[in-house]
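Chain residues, written in single-letter form:
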There are 2 protein chains.
Amino acid sequence: MTGKLYGIGVGPGDPGLMTLRAKEILERCGVVGYPVRSEGEGSVAFDIASQVVDMSSKTVAEFVFSMNPRDSVREKCREAAINRMCSLLDEGSDIAMVTLGDVGVYSTYMYIDEEVRSRGYETEIVPGIPSFCHGSALARQPLMIGDEGLAVVPMAKGNTHLLMEAMEGFDNIVVMKAFKAVDTIADMMEAKGLDPSDAVVVSNVGMEGEYIGPLDRNREYGYFTTVLIRKR
Amino acid sequence: MTGKLYGIGVGPGDPGLMTLRAKEILERCGVVGYPVRSEGEGSVAFDIASQVVDMSSKTVAEFVFSMNPRDSVREKCREAAINRMCSLLDEGSDIAMVTLGDVGVYSTYMYIDEEVRSRGYETEIVPGIPSFCHGSALARQPLMIGDEGLAVVPMAKGNTHLLMEAMEGFDNIVVMKAFKAVDTIADMMEAKGLDPSDAVVVSNVGMEGEYIGPLDRNREYGYFTTVLIRKR
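Computed from a predicted structure; not experimentally measured.

Draft legend 1. Quick look at the relation of the copies chain A and chain B. Least-squares fitting of chain A to chain B yields an RMSD of 0.0 Å, with the superposition described by an axial translation of 0.0 Å and a rotation of 180°. Classification of the inter-copy transformation places it as that of a two-fold axis. In this assembly the copies share their binding face: 100% of the residues contributing to the interface of chain A also contribute to that of chain B.

Draft legend 2. Summary view of the sheet that holds strand E5 (residues 123-126) of chain A. All names here are of chain A. With parallel pairing, the 5 strands of this open sheet are ordered in space as E3-E2-E4-E1-E5. Each having just a single partner strand, strand E3 (59-64) and E5 make up the two edges of the open sheet. Between one strand axis and the next, the sheet turns through 25° on average, direction left out of account. Examined bridge by bridge, strand E2 (residues 31-36) and strand E4 (residues 95-99) share 3 bridges and lie parallel to one another. Bridge pairing links valine 31 to isoleucine 95 in E4.

Draft legend 3. Examining the side chain of B:Arg21 more closely. Its place among the elements puts B:Arg21 in helix H1 (residues 20-28). Excluding anything up to four places from it in sequence, B:Arg21 contacts A:Gly16, B:Tyr6, B:Arg28, B:Glu124 and B:Val126.

Draft legend 4. Fine view of the interface of chain A and chain B. Contacts between chain A and chain B engage 54 residues on the former and 54 residues on the latter. Roughly 4000 Å² is buried in total at the junction of chain A and chain B, and carbon and sulfur atoms are behind 66% of that figure. Counting the surface chain A buries against chain B, the share from its top three residues, A:Leu20, A:Arg140 and A:Met144, is 18%. Inspection of the chain A/chain B interface yields 2 salt bridges. With its nearest N and O atoms 3.0 Å apart, the salt bridge here joins B:Asp113 to A:Arg140. Broken down by secondary-structure element, the contributors of at least two residues to the side of chain A that touches chain B are helix H1 (20-28), helix H4 (109-118), E5, helix H5 (131-139), strand E6 (150-154) and helix H6 (160-169) of chain A. Its residues placed into classes, the side of chain A that touches chain B shows 30 nonpolar, 13 polar and 11 charged. The sheet contact formed by E6(A) and strand E6 (residues 150-154) of chain B spans 3 bridges and is antiparallel. Within the sheet, the bridge partner assigned to A:Leu150 lies in E6(B) and is B:Val152.

Each value, and the rule that gives it
Residue indices begin from 1 for each chain and proceed along its sequence in written order. Working convention: letters from A go to chains and numbers from 1 go to ligands, in the order in which they are written. Residues qualify for local features only when their pLDDT is at least 70, as the model is predicted, and side-chain atom pairs are given and counted only at 80 or more; totals for whole chains, interfaces and linings, by contrast, use all residues. Excluding hydrogens and water, the side-chain figures rest on all heavy atoms present in the structure. Least-squares superposition aligns the copies on the C-alpha atoms of those residues with pLDDT at or above 70 in both. Note on definitions: a residue-residue contact is assigned when non-hydrogen atoms from the two residues lie within 4.5 Å. When DSSP finds two or more bridges between two strands, those strands count as paired. Every helix listed is a DSSP run of H or I at least four residues long, and every strand listed is a run of E at least two residues long, numbered separately from the N terminus. A fitted line through C-alpha atoms serves as each axis, taken over the contacting stretch for helices, and the angle formed by two N-to-C directions is quoted from 0 to 180°. Simply put, the buried area is the total loss of 1.4 Å probe accessible area from both parts when two parts are fitted together. The salt bridge definition used is simple: a Lys or Arg side-chain nitrogen within 4 Å of an Asp or Glu carboxyl oxygen. Three classes are used, and their members are as follows: Ala, Val, Leu, Ile, Met, Phe, Trp, Tyr, Cys and Pro are nonpolar, Asp, Glu, Lys and Arg are charged, and the others, Gly among them, are polar.

The structure is reproduced here in structure tokens:
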């Protein structure tokens, strides 16, 4: 019997926020894997899953997806990773690939799924709680109500214009990957006539440097920082 | 001991997509409740939770939040519902209020939480998988990758301009509450030079009339319809 590939969102960090289905599949799969940029890197998603599922009898597999600037190196690397997955599936192993948050939100798994499926294997995707839903719960602030829209914008070079537009048109904005840009976001809010202290920063939840509270320019924020803006 | 109020997102419909924490809290709470517009309405969220948690020994409580056009009627109704919750908490009952999808996405629970907390009670919000994450998983299509943004827009009177803007500025758009508006969305995509058949419609998952596939003007869609647009 050929194995099946699962792409599993394990949620934002709290192991209790894994789904029942994620747990059940992880318990059943002989191989639990995750993509890395270089060998031995480890995985936050795997660490979360390990708090719920006993991994001691599993084959734990890192699959290297290089971020080398050279296309040919990246391509060769991807090809090798997919080949190895398919070999494991041919041997009859079910593989669970774990992803932080939701599989649809900034994860590379969708590419893997498409590639493996195109080679004729069965796959399944299990969604997870995205970090911004957890942020909304912790901040006790809706992402949207009534007929409101929501814009999710990651801080990145070239996204300033998009964020400005979002602040213009949308009642609710989630700024992801915001850890270095909290000051910039505050400036942009002021430029749009919004009060930065109305924004809520959700940072490093459950980790060192956890902060959930109003935007404060005088703080330093950890790597996992999301800013929730809700117009009053 | 005064009880505690929990707001619980039970996910988009598949009971396996409930979180471990949601299940654990629901098993522990003596009262499981949900808001209704009128008595006896029932709750999809409660039906989902019932497939995972034995409700036979629980007090199941409907809390009426009227949608009456008269402010005074709505206010009186809300006040009565919150009072009843607080009485149950005073008696020492823990209450789990269940919500379809995520608590932050178009749910009235955040209002309840704020009100009950302001009266001095302890509360906790447990996020759930929003329908658009499930849609992305079923459609095997990312919500966003790399540095892309995502716009979530509900179809509603007055949101046409917002949806047009979203199609202009964002690489990815989720259109919620789309069941009556699939044709309109297709027209708008064409006006923006996008191919409607590139959009994916996710409709009535796990229910009668389930459809997950390319946008097709010649179909009828069920009440729970979401359209995922991803620019190529």
